[in-house]
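Results of the structural survey
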Amino acid sequence: MSRLVVVSNRVADLTVSAQQGGLAVALADALRQRGGVWFGWSGENSDKAAQEEPKVEQYGNVERIAVSLSKKDYGDFYVGYANSVLWPLFHYRLDIVKYRRSYFDGYNRVNQLYAEKLLPFLKPDDMIWAQDYHLILFAKALRERGCKQRMGYFLHIPFPPPDLMAASPNHKALVNGLLAYDVIGFQTSTDAHNLRRYLIEYPSDAEVDGNGRITVEGREVRIDRFPIGIDNDVFAEMAQNSPDDVQIDIMRRRVLGRKQIIGVDRLDYSKGLPARVQAFGRLLEKFPQTEKAVTFLQIAPPTREDVSAYAVIRKEMESLTGAINGKYSDFNWTPIRYIHRSVPRDKLAALFRGSQVGFVTPLRDGMNLVAKEYVAAQDPEDPGVLVLSQFAGAAEEMNAALIVNPYDIDEMANKLNKALTMPLEERKERHRHLMVSIRNFDARSWLDGFLAALEGRTNGGDVTEDA
Ligand code: GDG
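Given the structure is predicted, the values throughout are model-derived calculations rather than measurements.

Sheet strands associate in pairs through backbone hydrogen bonding, adopting either a parallel or an antiparallel arrangement. Pairing is parallel in the open sheet, where six strands are placed in the order β13-β12-β11-β14-β15-β16. Strands with a single pairing partner mark the edges of an open sheet, and in this sheet they are β13 (336-339) and β16 (402-404). Taking the axes of each pair of neighbouring strands and ignoring which way they run, one obtains an average angle of 20 degrees across the sheet. Pairing analysis gives six bridges linking strand β11 (residues 259-264) to strand β12 (residues 294-299), with the strands arranged parallel. Bridge pairing in β12 links Gln260 to Thr295.

See below:
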């Protein structure tokens, strides 16, 4: 078995426990099975970054290799091109892209720097797997240095339709960079289709034959979807072991006959938070019986505070929640509980289980793991209802949720009311279906599916339900 080399913008902490969760755990497991390397940015800034030796730590058969970035590279590459250009562009938000040529130069520079620093650690039969939108040009940088290894890429966020992509001044360089990988993985068939359409409609280094087979100078490139998921059992177990304070809160609500709607998202403009708050306001207005009978708990920890668009959304959320709370609160009831801080993962799981509605309404999302976590956390004998945006990647499989248009405030209010009044049998039936979808597409199937493709063990074509 080849060694695996995982490359991500931030190198993960390889000591995290399964409960702390997420992707890092699944990838670290795969590394331990095969032996390998996790390479990325340490999170530190240093003006001598280009001259410094990477910091290497050994964890059994896994090497953790971390580099630092200069302040200028951090500004142009991370704050600039990655998060002020690619993030909004790939989430269909051309209107807030802040383009500067120096940002793209910085992006290119850092992709080159990562390739330069990783090169001495690579072995000829390694398999390299790069993660996410920070590393589109990374494989090309390695190929320019003579690397012949198999290289895969997984994009965690959406890939935009061809005309949106083409609005970026660097679209040709980005797509040709991407084509240096052997496997290009997306969350959904829509995303994979968007790149295939681009390759047909715009000139690039790729040749597409009549069967949709893609080659670059004779080398075959596979484009496919590999839907990401969670470790359902670990999350479900965590949800059942509620910390005391969550248990007390759930009991209190039970005595008062109050239901809870929950939302959990980084405070990001792609998550549709202002419209979600407005939809909750509309619920109170249209269905007066919900007053004092329903609370909306929104947890929204801060993120990327050095990107200006994030300060705007923060102000907007404070003003919207303040207005609704001012209008409806009573001395013994506050309609919206808005928490702009990070909550520990075990508490989050218990709060999901104790909430009757999971309200997940991104305007655009690669997958959205919160939707899956909410479902995994429920009691199958008395499950809550998931209200899910049609524009989350998760909606491609989780069609037993109540699907909403996240721009339609009235529809969201109506569906919230439907969720709050849904009979037990229908809730159980929908939950059963949702459990099947999150089991079909979990963290394991994502990992195994992608690695099989990277090793060339499976051919192209779509992932099937029973894969
Ligand atoms: C990107 C793509 C894709 C949130 N608040 C807290 C907290 N969280 C955890 C959630 C969940 C994770 O963060 C967020 O994952 P999402 O998938 O919902 O969204 P992104 O962060 O935008 O992730 C996305 C994902 O990559 C994976 O490919 O699904 O589409 O945008 O696990 O529970 N965790 C804790 N406290 C919080 O306050 N502990």
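Our next topic: the pairing of strand β5 (residues 127-131). Of all five residues that make up β5, five are buried, and the element is covered over most of its length. Judged by which residues are buried, β5 turns out to be covered on both faces: Met127, Trp129 and Gln131 on one side and Ile128 and Ala130 on the other are all buried. Bridge count for strand β1 (residues 4-10) against β5 is four bridges, and the pairing is parallel. Looking across to β5, one finds that Val7 is bridged to Ala130. Direction of pairing for β5 relative to strand β6 (residues 150-154): parallel, over a ladder of five bridges. For Ile128, the partnering residue across the bridge sits in β6 and is Met151. Each parallel crossover has a hand, and the one from β5 via helix α4 (residues 138-144) to β6 is right-handed.

A few words now on unusual backbone geometry. With phi around 80 degrees, Asp132 is a residue other than glycine that occupies positive phi space. Backbone geometry places Arg304, a non-glycine residue, at a positive phi of 40 degrees. Along the polypeptide, Arg304 turns up in the loop between β12 and α11 (308-328). We classify Arg304 as partly exposed; it has 17 C-beta atoms within 10 Å.

Right, let's get into the site of the ligand. Inspection of the region around the ligand gives 20 residues, with His156, Arg345, Gly366, Met367 and Leu369 positioned closest. At the level of elements, α12 (345-353) and α13 (369-377) are the ones that each hand at least two residues to the shell around the ligand. For the shell around the ligand, the leading source of residues is α13, giving three residues. Classifying every residue of the shell around the ligand gives 11 nonpolar, five polar and four charged.

Taking 1.5 Å as the rise per residue, helix α3 (residues 101-118) with 18 residues should run 26 Å; its terminal C-alpha atoms sit 26 Å apart, in good agreement. Those residues of α3 that sit buried are Tyr103, Phe104, Gly106, Tyr107, Asn108, Val110, Asn111, Tyr114, Ala115 and Leu118. Taken together, the buried residues of α3 touch β1, β2 (36-45), β4 (62-69), α2 (71-90) and α4.

Cut-offs used in this document
- Residues numbered from 1 in each chain as written.
- Predicted model: local features only at pLDDT ≥ 70, side-chain atom pairs only at ≥ 80, totals over all residues.
- Pairing = 2+ DSSP bridges.
- Helix = DSSP H or I, 4+ residues; strand = E, 2+ residues; numbered from the N terminus.
- Axes fitted to C-alpha atoms, helices over the stretch in contact; angles between N-to-C directions.
- Buried ≥ 20, exposed ≤ 12 C-beta atoms within 10 Å, placed from the backbone.
- Right-handed = clockwise from strand over helix to strand, strands pointing away.
- Near = placed C-beta within 6 Å.
- Nonpolar A, V, L, I, M, F, W, Y, C, P; charged D, E, K, R; others polar.
- Expected span 1.5 Å × (residues − 1).
- Contact = placed C-beta atoms within 7 Å.

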